Amino acid sequence: MAYETIITERRGKVGLITLNRPQALNALNSQILAELVAAVNGFGADAGIGAMVITGSEKAFAAGADIKEMQAISYVDAYLQDFFVGWEEFTRARKPIIAAVAGYALGGGCELAMMCDFIIAADTAKFGQPEITLGVIPGMGGSQRLTRFVGKSKAMDMCLTGRMMDAAEAERSGLVSRVVPAGELVEEALKAAARIADFSLPSVMMAKEAVNRAFETTLAEGLRFERRLFHSLFALEDQKEGMAAFAEKRKPNFSNR
Ligand code: HXC
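These numbers were taken from a predicted model, which means no experiment stands behind them.

Draft legend 1. Spatial organisation of the sheet that holds strand S1 (residues 6-11). With mixed pairing, 6 strands are arranged side by side in an open sheet as S1-S2-S3-S5-S7-S10. Both edges of this open sheet fall to S1 and strand S10 (178-180), since each of them pairs with a single strand only. Direction aside, neighbouring strands of the sheet carry axes that sit 20° apart on average. Summarising the sheet, strand S5 (residues 97-101) and strand S7 (residues 118-122) pair through 4 bridges and their orientation is parallel. When the sheet's bridge partners are listed, alanine 100 is paired in S7 with isoleucine 120. Sitting on the sheet, helix H9 (residues 185-198) touches S1, strand S2 (14-19), strand S3 (51-55), S5, S7 and S10, and the angle it makes with S3 is about 165°.

What follows is the structure in structure tokens.
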């Protein structure tokens, strides 16, 4: 499929998606949402792909939802269209997605990064939820996901003042998993994704499900869920292969079976 606002590439077993609306700092309009969801679903259905990376430009991962597209929307239209509901489909992706963030990740851009499974940031990254400066609040999960990432005090600070957080603060507060030099961002994210894609896909997908469950349920239920998944992995040839390879001091050769 030909896309206009994103670029998709296969890098071995990794699907790389680059947001590409440079004239609007990758502001997220309905077209980019539709293309992103189509690309993620496409890589999701592709048996040769084990993980994905989403990145933007050096200047901006994404500077938010598209303010110019949003500004004239009425309440009733926002309600009737369930404005932003399309992003729920993005979060249903079952294969891991890494956000590789350089420059601005603001508003919906920060929220998109948080919808991915983890964030690798360039030292130039700047995160923020500036919606309050526009007379609104985060609408793609910022008030909920940011609070789970960084806790109440910092989430309140970000959502109420609209200030930006640099990469060092984002790493310190648990929003991003690692910070790398800007010039190495995509390469480092692709390396992490390739490492994931070399593991057994069903176990990778279950690991993602298990960690995500921690945000949806109690500790007791989450532990039970984890144990059930863990038990089920003993039905895989890849569990036998992985453990045999360890015992035989060789590299495992996973078949995703
Ligand atoms: C539409 C945007 C945009 C956005 C930037 N642009 N952000 N267009 N929506 N979110 C456009 C600008 O209008 C401009 O277009 C071009 O991109 C370059 O931006 P500049 O502002 O000229 O660049 P710069 O001076 O370097 O400033 C960068 C910036 C600033 C600090 C990131 O662009 C900015 O503050 N952007 C808005 C950030 C924001 O508020 N995001 C949250 C959006 S609301 P032209 O045509 O003039 O060259 C949101 C969720 C809403 O995400 C949920 C509520 C329901």
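This is not the end of the story, as more comes after the structure.
Draft legend 2. Examining the site of the ligand more closely. Around the ligand sit 23 residues in total, of which Lys59, Ala65, Ile67, Lys68 and Gly108 are the nearest. Between the ligand and the protein, one listed contact pairs an oxygen atom with a backbone N or O atom of glutamine 23 at 3.4 Å. For the ligand, a nitrogen atom lies 2.9 Å from a polar atom in the backbone of isoleucine 67. When the ligand is considered free in solution it has 1000 Å² of accessible area, and contact with the protein chains removes 65% of it. Mapped by element, the contributors of at least two residues to the shell around the ligand are helix H2 (67-70) and strand S6 (104-106). With 3 residues, the top contributor of residues to the shell around the ligand is H2.

What counts and what doesn't
- Residues numbered from 1 in each chain as written.
- Predicted model: local features only at pLDDT ≥ 70, side-chain atom pairs only at ≥ 80, totals over all residues.
- Heavy atoms only, no water.
- Pairing = 2+ DSSP bridges.
- Helix = DSSP H or I, 4+ residues; strand = E, 2+ residues; numbered from the N terminus.
- Axes fitted to C-alpha atoms, helices over the stretch in contact; angles between N-to-C directions.
- Contact = heavy atoms within 4.5 Å.
- Near = heavy atom within 4 Å.
- Polar contact = N/O pair within 3.5 Å; in protein donor to acceptor, adjacent residues only side chain to side chain.
- Areas by Shrake-Rupley, 256 points an atom, 1.4 Å probe, with all protein chains shown as cover.

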